[in-house]
Amino acid sequence: MIPVNEPLIGPNEIKYVLECLQTGWISSEGHFIREFEDHWAAYCGMQYGITVSNGTVALQIAVACLDLDSGDEVIMPTFTIISCAQAITMIGAKPVLVDADPGTWCMDVEQVKSKISSRTRAIMPVHIYGHPVDMDPILALARKHNLIVIEDAAEAHGAEYKGRKCGGLGDLNCFSFYANKIITTGEGGMVLTNNAAYAERMRSLRNLCFQKERRFYHTELGNNFRLTNLQAAIGLAQLERIEDSVRKKRLMGHAYTDRLKGIPVLQLPAEESWAKNVYWMYGIVLDDGTGMDAVEFARRLYAKGVMTRPFFLGMHEQPVFQKKRLFHGERYPVAERIARQGLYLPSGIAITEDQIDQSCAAVKQVLGY
Ligand SMILES: *Cc1c(COP(=O)(O)O)cnc(C)c1O
């Protein structure tokens with residue numbers, strides 16, 4: 001069986017974690033935390049890094065910085081993970097959706113403009129499966145309408161938009177370091193910002209809003225969203241190898257494309273001229289004309305030893321939001337189609353050329369090419 005993802009753990013991960021264990025710095029105090037924050041921020045061209053326990057809460061504390069009132073709106077793609085929408089709904093604000101771009105599967109930036117209202121406070125672009133969102137039009141709209149940009153770059157470590165790093169373009173830029181992300185800490189996340197006040201606010205929110213001068217005196221409620229020094233140690237070691245990891249991911253992406261590009265019933269990942277795709281996951285979308293959907297395609301690939309994962313189901317199709325009467329009657333045809341016809345192939349950083357060959361052979365057999 002070829003797994004969808006396997007992490008690659010190197011000798012420095014082990015060495016740094018051992019240092020934590022041997023010195024006793026195993027909680028969220030310790031030098032690896034600050035180093036991981038500073039180095040990741042620098043890598044992305046940002047000033048402050050605030051580590052947290054996962055990418056979901058990274059989005060949560062980033063959104064919390066905006067002090068949204070109920071009814072305030074944040075424009076985001078329907079085609080993304082639930083974490084993005086729930087960071088907005090859980091504080092009573094309203095996600096306003098746009099469809100996916102049929103080529104990149106990222107938010108359709110053309111649709112953002114028409115969704116701006118007097119209640120819009122922020123835009124949340126999400127770089128999907130390693131391909132950047134077309135950020136310039138979003139940044140221009142944000143400047144014009146005085147909106148905050150919250151980037152979700154969980155799937156785009158090392159990806160670039162016009163030569164600038166994803167996660168270095170918005171006001172509050174969120175990352176996950178879950179085990180299947182390009183840099184992993186097992187579980188983990190971070191928010192980057194250039195705004196010192198946001199940075200301080202988020203450091204407080206992740207740490208129960210303890211105060212510096214009077215620790216157990218609270219003027220606001222926070223959470224324990226702290227990352228441990230052990231996890232940051234792994235992250236720092238992973239970060240030392242990021243260029244190599246990004247190179248490996250791109251080789252993987254190109255190897256798949258080389259082998260699959262002749263199959264007319266498959267849509268392969270895009271790489272726009274302004275983009276550096278890091279192929280976080282190698283997604284493919286099956287033509288409707290095949291009479292097969294992604295569920296059936298995945299079942300047949302599994303029978304040939306290839307594990308896959310389905311694409312996201314759009315936020316407007318989620319029962320949990322339909323129950324709340326959110327997005328009632330809204331349709332996003334691109335997201336609806338790729339949710340049904342898309343899946344991703346084994347794409348881990350540890351994947352071998354042999355495994356890519358086997359995956360592609362299975363795809364070809366199932367499709368009869
Ligand atoms: C993985 C991911 C998250 C959530 O991160 P967790 O660490 O799993 O909570 C958020 N956004 C996107 C786009 C992701 O891919």
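Each remark here, short or long, concerns the structure printed above.
Computed from a predicted model, the values in this text were never measured in an experiment. (Residues numbered from 1 in each chain as written. Predicted model: local features only at pLDDT ≥ 70, side-chain atom pairs only at ≥ 80, totals over all residues. Heavy atoms only, no water.)

Student: Any chance you could explain the overall build of the protein chain here in plain terms?
Tutor: A count of helical and extended segments in the protein chain gives 13 helices and 14 strands. For a compact globule of 369 residues, the expected C-alpha radius of gyration is about 21 Å, and the protein chain comes in at 21 Å, within 12% of that figure. Seen along its three principal axes, the alpha-carbon backbone of the protein chain occupies a region of about 70 × 55 × 35 Å. Of all 369 residues assigned to the protein chain, the portion counted as buried reaches 56%. Partitioning the contacts of the protein chain with sequence separation of at least 6, the portion at a separation of at least 24 is 71%. Charge-centre separation for the protein chain: the mean point of 39 positive side chains lies 2 Å from the mean point of 42 negative side chains. (Helix = DSSP H or I, 4+ residues; strand = E, 2+ residues; numbered from the N terminus. Rg over C-alpha atoms; globule rule 2.2 N^0.38 Å. Buried < 20%, exposed > 50% of the residue type's maximum accessible area, 1.4 Å probe, protein only. Contact = heavy atoms within 4.5 Å. Lys, Arg positive; Asp, Glu negative; His and termini not counted. Charge placed at Lys NZ, Arg CZ, Asp CG, Glu CD.)

Student: How do you make sense of the environment of H218 when you look at a structure like this?
Tutor: Looking at the element boundaries, H218 is found in the loop between α7 (196-205) and α8 (229-240). Relative accessible area serves as the criterion here: at 38%, H218 is assigned to the partly exposed category. Distance from H218 to P3, taken between C-alpha atoms, is 46 Å for residues 215 residues apart in sequence. From its side chain, H218 meets the backbone oxygen of L208 in a polar contact 3.1 Å long. Among the polar contacts listed, one links the side chain of H218 to the backbone oxygen of C209, at a separation of 3.2 Å. (Polar contact = N/O pair within 3.5 Å; in protein donor to acceptor, adjacent residues only side chain to side chain.)

Student: Quick question: what am I supposed to make of the pattern of salt bridges here?
Tutor: Should the charged atoms of two oppositely charged side chains come close, the side chains can pair. Across all of its chains, the model carries 22 salt bridges by this definition. Across the pair R203 and E37 runs a salt bridge whose closest N-O atoms are separated by 3.3 Å. Linking R203 in helix α7 with E37 in helix α2 (residues 31-44), this pair joins segments that are 166 residues apart in sequence. Under the relative-accessibility criterion, R203 is labelled partly exposed at 21%. Residue classification places E37 among the buried positions, given a relative accessible area of 1%. With a shortest N-O distance of 3.0 Å, E353 and R259 are connected by a salt bridge. Of this pair, E353 sits in helix α13 (residues 353-367) while R259 sits in helix α9 (residues 242-260), and the two are 94 residues apart along the sequence. For E353, a relative accessible area of 53% corresponds to the exposed category. (Salt bridge = Lys/Arg side-chain N within 4 Å of Asp/Glu carboxyl O.)

Student: Help me understand the sheet that holds strand β6 (residues 160-161) in this model?
Tutor: For sheets, the rule is that strands pair by backbone hydrogen bonds, running either parallel or antiparallel. Strand order in the open sheet formed by three strands is β7-β6-β11, with antiparallel pairing between adjacent strands. With one partner strand each, in any of the chains shown, β7 (164-165) and β11 (275-276) form the two edges of the open sheet. When β6 meets β7, the two strands line up antiparallel, connected through two bridges. The residue bridging Y161 from the neighbouring strand is R164, located in β7. (Pairing = 2+ DSSP bridges.)

Student: How should I be thinking about the packing of aromatic side chains in this particular structure?
Tutor: Given two aromatic rings, their pairing is described by the distance between the two centres and the angle made by the two planes. Scanning the model with the defined rule gives 21 aromatic pairs in all. Judged by centre distance (5.1 Å) and plane angle (85°), the rings of W40 and F175 are edge-to-face. Taken together, the residues span a long stretch of sequence, with W40 in helix α2 and F175 in strand β8 (residues 172-176) at a distance of 135 residues. An identical accessibility class is assigned to W40 and F175; each is buried. Arranged with centres 6.1 Å apart and planes meeting at 90°, the rings of F79 and Y129 form a pair that is edge-to-face. (Phe/Tyr/Trp six-rings, centres within 6.5 Å; stacked < 30°, edge-to-face > 60°.)

Student: Honestly, the nonpolar core in this entry has me stumped. Any pointers?
Tutor: Soluble, globular proteins show a tendency: their nonpolar side chains are buried together. With 105 residues, the main nonpolar core has W40, F79, M107, M124, Y129, I150 and L172 as its most contacted residues. Per element, the largest residue contribution to this core is seven residues, and it comes from α2. The two domains that each donate at least three residues to this core are domain 1 (11-239) and domain 2 (242-367). The residues touching F79, leaving out its near neighbours within four places in the chain, are A100, W105, I128, Y129, F311, F312, A335, I338 and A339. Membership of the second largest hydrophobic core comes to 27 residues, among which are L260, L286, L345 and A362. (Core = buried A, V, L, I, M, F, W, Y, C linked by side-chain atoms within 4.5 Å. Domains from an automatic or database assignment.)

Student: What's the story with the site of the ligand in this structure? I'm lost.
Tutor: Near the ligand the following residues occur: N54, G55, T56, I81, S83, V126, D152, A154, E155, S176, K181 and G188. Side-chain polar atom of S176 to an oxygen atom of the ligand: 2.7 Å apart, as the coordinates give it. Relative to its unbound accessible area of 380 Å², the ligand is 91% covered by the protein chains. Considering only residue class, the shell around the ligand consists of three nonpolar, six polar and three charged. (Near = heavy atom within 4 Å. Areas by Shrake-Rupley, 256 points an atom, 1.4 Å probe, with all protein chains shown as cover. Nonpolar A, V, L, I, M, F, W, Y, C, P; charged D, E, K, R; others polar.)

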